[in-house]
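# Understanding the architecture of this molecule
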Amino acid sequence: MNAMSRRQFMEKAIVGCSVAGVLAGGAMNLEANPLRLPIGSQVWPLRSMLKDFPAFAQMMAGIGVTRLELCSPIGYGAEFSSLANAKEVRKILGDHGLKSESSHFSMSELRHTQDKSIEWAKEIGIKQMITASLGDGNGGNHPTLDQVKKAADEYNQIAAVAAKAGIHQGLHNEGFEISMVDGKRTYDLLFDLLDPKLVKFQFQMSTITAGLVAADYFERYPGRFYSMHLQDIDMNREGHPEVPLGQGSIDWVKTFTAAKIGGVKNYFVEQNWDLAQKSVAYLKTLKV
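Presented here is a report on the structure given in the accompanying data block.

About the thresholds
Residues numbered from 1 in each chain as written. Predicted model: local features only at pLDDT ≥ 70, side-chain atom pairs only at ≥ 80, totals over all residues. Heavy atoms only, no water. Helix = DSSP H or I, 4+ residues; strand = E, 2+ residues; numbered from the N terminus. Contact = heavy atoms within 4.5 Å. Areas by Shrake-Rupley, 256 points an atom, 1.4 Å probe, with all protein chains shown as cover. Buried < 20%, exposed > 50% of the residue type's maximum accessible area, 1.4 Å probe, protein only. Polar contact = N/O pair within 3.5 Å; in protein donor to acceptor, adjacent residues only side chain to side chain. Core = buried A, V, L, I, M, F, W, Y, C linked by side-chain atoms within 4.5 Å. Pairing = 2+ DSSP bridges. Axes fitted to C-alpha atoms, helices over the stretch in contact; angles between N-to-C directions. Parallel < 35°, antiparallel > 145°, perpendicular 65-115°, else oblique. Left-handed = near helix turned anticlockwise from the far one by under 90°. Right-handed = clockwise from strand over helix to strand, strands pointing away. Expected span 1.5 Å × (residues − 1). Arc of directions from axis to C-beta.

A word on the overall build of the protein chain. The helix and strand inventory of the protein chain stands at 11 helices and 12 strands. Considering only intrachain contacts with a sequence separation of at least 6, the fraction spanning at least 24 residues in the protein chain is 78%. Summed over all atoms, the accessible surface of the protein chain reaches about 12900 Å², with 52% contributed by carbon and sulfur.

This part covers the side chain of Ser 133. Following the sequence through the fold, Ser 133 ends up in the loop between strand 4 (128–131) and helix 7 (145–164). With a relative accessible area of 17%, Ser 133 lands in the buried category. There is a polar contact of 2.9 Å between the side chain of Ser 133 and the side chain of Glu 177. Once residues within four sequence positions are removed from consideration, Ser 133 is found in contact with Met 107, Leu 171, Glu 174, Phe 176 and Glu 177.

On to unusual backbone geometry. One non-glycine residue, Leu 35, adopts positive backbone phi at about 60 degrees. Relative to the assigned elements, Leu 35 resides in the loop between helix 1 (3–24) and strand 1 (40–42). A positive phi angle, close to 55 degrees, is found at Arg 36, a residue other than glycine. Here Arg 36 lies in the loop between helix 1 and strand 1.

By size, the foremost hydrophobic cluster in this structure holds 81 residues, and its most contacted members are Leu 68, Phe 218, Phe 225 and Leu 230. Ranked by residue count, the leading element in this core is helix 7, at seven residues. Dropping the residues within four chain positions of it, Leu 230 is found in contact with Met 205, Leu 245, Trp 252, Phe 256, Tyr 267, Phe 268, Val 269, Glu 270, Gln 271 and Leu 283.

What you see with strand 4 is no split at all: Gln 128 and Ile 130 on one side and Met 129 and Thr 131 on the other are buried throughout. In this sheet, strand 5 (residues 168–171) lies alongside strand 4 in parallel orientation, the contact comprising four bridges. Each bridged residue has a counterpart across the sheet, and for Met 129 the counterpart in strand 5 is Gln 169.

This brings us to the packing of helix 4 (residues 86–95) against helix 6 (residues 114–124). Their axes nearest at 8 Å, the elements helix 4 and helix 6 cross at an angle of 25 degrees. Judged by the angle between their axes, helix 4 and helix 6 are roughly parallel. Our pair here, helix 4 against helix 6, has a crossing hand that is right-handed. Contacts from Ala 86, Lys 87, Val 89, Arg 90 and Leu 93 in helix 4 reach Trp 120, Lys 122, Glu 123 and Ile 124 in helix 6.

This part takes up the pairing of strand 8 (residues 199–204). Of all the six residues making up strand 8, six are buried; the element is thus mostly covered by neighbouring parts of the structure. In strand 8, alternate side chains face the same way, and those of Val 199, Phe 201 and Phe 203 on one face and Lys 200, Gln 202 and Gln 204 on the other are all buried. Bridge count between strand 5 and strand 8: three bridges; the pairing is parallel. Each bridged residue has a counterpart across the sheet, and for Gly 170 the counterpart in strand 8 is Lys 200. One crossover worth recording links strand 8 to the parallel strand 9 (residues 225–230) by way of helix 9 (residues 214–220), and it is right-handed.

The next subject is helix 7. For helix 7, spanning 20 residues, the distance from its first C-alpha to its last is 29 Å, which sits close to the expected 28 Å at 1.5 Å a residue. Taken as a whole, helix 7 has its buried residues at Val 148, Ala 151, Ala 152, Tyr 155, Asn 156, Ile 158, Ala 159 and Ala 162. Positive phi shows up at Gly 166, right after helix 7, with a value of about 80 degrees.

So, on to helix 4. For helix 4, the complete set of buried residues consists of Ala 86, Val 89, Ile 92 and Leu 93. Looking straight down helix 4, one finds that the buried residues subtend no more than 125 degrees of arc, so they occupy a single side. Opposite its buried face, helix 4 presents the exposed residues Lys 87, Lys 91 and Asp 95, each directed more than 90 degrees away. On its buried face, helix 4 is in contact with helix 2 (53–63), strand 2 (67–71), strand 3 (99–104) and helix 6.

Limitation: the analysis is restricted to geometry and does not speak to function.
Structure, rendered in structure tokens:
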């Protein structure tokens, strides 16, 4: 997308969001949201829109999002450079009625520049530092049991440092976590290997395509989660396409009900702009 088309797109979106916000009026409140928690969005699928961060923040507020989960510019690179000035980010968020309590960090930065990452996080108000996967440098998507144990030991050490700074480390579930080791799911092994006092989990809903069902995990491991990434998947269609929340195969009432058992404290829609708008609208109608 060139600079002119991006600007035109942002201007149109902002106008649309402003109109929607006026029409919604007082109807947008926490009582209407699942678990009475603020509706959040992860910025990763929307990263091409981050260049003008104030305009992006206004757009997200306009559709009813009040929490943004960020990606660290230290570990995620140039696409997130607009987030580098933590004080400015916090001010922009506040100017639009937003907060950020959670962010993703690469394993590389947690290994090599953790202090710098913690400093950036604390300036913004982030209390949850999450990494997408422990697979980097630990066997990728086909680890051995020894590699899984090594990865868990390293992450426990990283989490201990974060805890001293008042931040709780978290783990997402991607390729490494959904792999199989000696007939067992790596993800399940990690619940035994990671210190429950130091590490919480963030469930990625799209892993239903690999047989991981959020509600089952929330019930199996009570109190071990604090977050969810929300996508919906149509398991009845070829290729299992991603669809707006409420239009796929995930039972959202069951999911959010079980999330209470799991210990979930926040959730973030992680979808492209078109899907995210529809999914946020759905969350406003979901009673749990």
